[in-house]
Amino acid sequence: MIWMKNVLPPTTHRVAAYTNPAVNEEIRRSTLENLSCLEDAEEEELTRRIRSLNSEWDTERFVEAKAALCIMGCSLFGIAKSKCWSFITLITATFLLQHALLGWCPSAPLMRKMGIRTAEEIGQEKLVLKMMRKDFAHVKSNDAEELLKAAEKQ
């Protein structure tokens, strides 16, 4: 598996690595804008935003749902109409694998341009909100269990 580390991008950065840098910067700017609006927010408002981020669909969820719908639809057409539709399921599976390995598929640039973020980007916003809410203020810096509990807090 050593070869995979040299060929494939890191899991947490693979989508951003294949995204136009200007789009990545726009997504970052939007996140920073969201955070700036909450700089003086009360704990309850920060908690509300964290909970809404827990429901935000990331790029992976969009790709998986789109692929599943395509495969289901083409399978039904393949059964009812023509076996030629099965070829589209093969193409869909190929793009799904490509996305899993590289973080890119044909719809990825459009999704990113629409502002759909990666789980990592959503997680970064949540972490900053938790820091703003002072979730880590009471934790000793070397207490791994307490730090993890604070990070898991919703």
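Residues numbered from 1 in each chain as written. Predicted model: local features only at pLDDT ≥ 70, side-chain atom pairs only at ≥ 80, totals over all residues. Heavy atoms only, no water.

### Some details on unusual backbone geometry
- With phi around 70°, Lys-134 is a residue other than glycine that occupies positive phi space.
- Summarising the element assignment, Lys-134 is placed in the loop between helix H8 (119-132) and helix H9 (144-152).
- By relative accessible area, Lys-134 is classed as exposed at 58%. (Helix = DSSP H or I, 4+ residues; strand = E, 2+ residues; numbered from the N terminus. Buried < 20%, exposed > 50% of the residue type's maximum accessible area, 1.4 Å probe, protein only.)

### With respect to the pattern of salt bridges
- Tallying each qualifying case throughout the model produces 12 salt bridges.
- In this structure, the salt-bridge partner of Glu-60 is Arg-14, at a minimum N-O distance of 3.1 Å. With a gap of 46 residues between them, Glu-60 in helix H5 (residues 59-80) and Arg-14 in helix H2 (residues 14-17) connect regions that are remote in the sequence.
- We note a salt bridge from Arg-29 to Glu-26, for which the minimum N-O separation is 2.4 Å. Here the residue Arg-29 and the residue Glu-26 both occupy positions in helix H3 (residues 21-37), the gap between them amounting to three residues, near one helical turn.
- Take Arg-29: its relative accessible area is 38%, and that puts it in the partly exposed class.
- One connected set of salt bridges, linked through shared partners, spans Arg-49, Glu-56, Arg-117 and Glu-125. (Salt bridge = Lys/Arg side-chain N within 4 Å of Asp/Glu carboxyl O.)

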